[in-house]
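# Observations on the three-dimensional arrangement
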Amino acid sequence: MQINNLPDSLLIEILTRLPCQFAVQSKTVCKHWLSLISDPFFIRSFVHHQSLNHSSPFTLVHQFYYWHHHFAETASRKLHAVSEHPILIKSQELFLDFLPCFQHPNQINQWPIRIVASHGDLTVCHDNKLFSHQSKYYVCNLLTKQWRALPPIPGRHVEDDMAIGLVTYGDNLPIFNYKVVRVLKLGSHSSHLIAEIFSSETGEWSESLLSCPQSIRRFWQFRTSAVTLNNSLHWIINGNDGETMIVIDPFSGINGQCRLIDPPFELKYEMAHVCLGTCREKLRMSTIKGVHPNRMLKVWELQDYDKGEWHLQYRICLKEMVFVSDYQFNMLEFSTNLVLSFHPKDEDVVYLRCHNHIMKCNMRKGTLDVVSKCLGDPTFVIRTLTVFPLVHPCWPSSVHGQVKH
């Protein structure tokens, strides 16, 4: 008797007990297994069986520029992933070579594709070829290498002074829907923003007009990539009145309104290197302040989302931290450090970049662990462009969503 002689009900019982990476890979065994594993019934059965023991592994995608000390005009861009997921390995250079517009970085037009937004385990990639007259966006799952090309945005081609965000939503687990949101300014004195929104439910773009608060109607700019929480998008912006955080709800309808949340008072005018993110469904901000060797790592958490009340959670001197292993590290490199991301589940952990190294910092234990090197050659200079934290659910999210009938 061969395994394909088993009834489907028994085969499903076997396959749902596999680790996720092997269940996904089993799609390639034969057409019957591909059909069986792709069926929503199998996915629901897999999630039901595995959810109690699933830890939602975390992946940090670091997008950065690098150049040689003596050849600054030849800067290149690189993607680097530090992951807890067994498929993505612990640390590796990341290529988007599964996308149709991919060009290898050794070619002349280096890295035409970049990641511009993320939420959950999905990312939005942008093909930013300079000769193109129309933006091309893709929704991707880096784990399964599935992708979906979004239709062209009607009537507008704007790349400067805009922001992009992604919101995944839905209760029909593990099938999520999502919205890709592109926010455009209408001039430095306008009282409105335009939100162009792609919905996976309709497969189309729509447009909303958002009213701006009076305090930001003068010159201002988006400063960070979007952070998604409570089905809303959050960006740090700067302007004439210092830095603040703008909140946009893509579900607010045709005529919505932006909301502002003031940062912690200590950061109001010093947000040049502030990390904005989430941990356990709460917004956090962090920065490293002071001069070497007395640099302080500080973390604030938004305790009351409606009132905008921040609380200082951690205040730690970096020179007092110890390495988990006997790692030979030049402490002078702490003069170039940066907070990259929060761990989405572990409230004691943040990730730092210290020159060429990515470190896992446990603030409660006071420990540092070098988890990756961005580049093997220490003679290159690195500048972080954007950071995208991914949280992998029990079963990988589909890029197609669930179509509304």
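Cut-off values and rules
- Residues numbered from 1 in each chain as written.
- Predicted model: local features only at pLDDT ≥ 70, side-chain atom pairs only at ≥ 80, totals over all residues.
- Heavy atoms only, no water.
- pLDDT = per-residue confidence, 0-100.
- Helix = DSSP H or I, 4+ residues; strand = E, 2+ residues; numbered from the N terminus.
- Axes fitted to C-alpha atoms, helices over the stretch in contact; angles between N-to-C directions.
- Parallel < 35°, antiparallel > 145°, perpendicular 65-115°, else oblique.
- Contact = heavy atoms within 4.5 Å.
- Nonpolar A, V, L, I, M, F, W, Y, C, P; charged D, E, K, R; others polar.
- Phe/Tyr/Trp six-rings, centres within 6.5 Å; stacked < 30°, edge-to-face > 60°.
- Lys NZ or Arg CZ within 6 Å of the ring centre and 35° of its normal.
- Buried < 20%, exposed > 50% of the residue type's maximum accessible area, 1.4 Å probe, protein only.
- Pairing = 2+ DSSP bridges.

Under an unreviewed UniProt entry, the protein has the name F-box domain-containing protein and belongs to Chenopodium quinoa.

## Observations regarding the confidence of the model for the protein
Averaged over every residue, the pLDDT of the protein is 83; residues scoring 70 or more account for 83%. Here strand S12 (residues 220–222) is the element of the protein with the lowest mean pLDDT, 71, and strand S13 (residues 227–229) is the one with the highest, 95.

## As for the packing of helix H1 (residues 8–15) against helix H3 (residues 31–38)
For any two helices packed against each other, one specifies the inter-axial angle together with the distance between the axes. Where H1 contacts H3, the two axes come as close as 11 Å, and the packing angle between them is 75°. Of the possible angle classes, the one that applies to H1 and H3 is roughly perpendicular. Residue-level inspection shows Asp 8, Leu 11, Ile 12 and Leu 15 of H1 in contact with H3, the latter providing His 32, Trp 33, Leu 36 and Ile 37. In the contact of H1 with H3, the residues fall into six nonpolar, one polar and one charged.

## Describing the packing of aromatic side chains
Counted by the stated rule, this structure contains nine aromatic pairs. An aromatic cluster of at least three residues, connected via ring pairs, comprises Phe 42, Phe 46 and Trp 395. Over the ring of Tyr 305 we find Arg 259, and its NZ or CZ is 5.0 Å from the ring centre.

## A closer look at the environment of Ile 248
Here Ile 248 shows up in strand S15 (residues 242–248). Classification of Ile 248 as buried rests on a relative accessible area of 1%. Residues Ile 248 and Gly 165, spaced 83 residues apart in sequence, show a C-alpha to C-alpha distance of 9.7 Å.

## Here we look at the sheet that holds strand S4 (residues 113–119)
Strand pairing in a sheet relies on backbone hydrogen bonds, with the paired strands running either antiparallel or parallel. Judged by pairing direction, the sheet is antiparallel, and its four strands sit side by side in the order S4-S5-S6-S7 without closing on themselves. Both edges of this open sheet fall to S4 and strand S7 (146–149), since each of them pairs with a single strand only. Ignoring which end each strand starts from, the neighbouring axes of this sheet average 25° apart. With four bridges joining them, strand S6 (residues 136–141) and S7 adopt antiparallel strand pairing. Looking across to S7, one finds that Tyr 138 is bridged to Ala 149.

## Quick look at unusual backbone geometry
Most peptide bonds take the trans form, and the phi angle of most residues other than glycine is negative. At Asn 231, a residue that is not glycine, the phi angle is positive and equals roughly 60°. Summarising the element assignment, Asn 231 is placed in the loop between S13 and strand S14 (232–239). Judged by relative accessible area, which is 34%, Asn 231 ranks as partly exposed. Unusually for a residue other than glycine, His 355 sits at a positive phi of about 55°. Along the chain, His 355 falls in the loop between strand S24 (349–354) and strand S25 (357–362).

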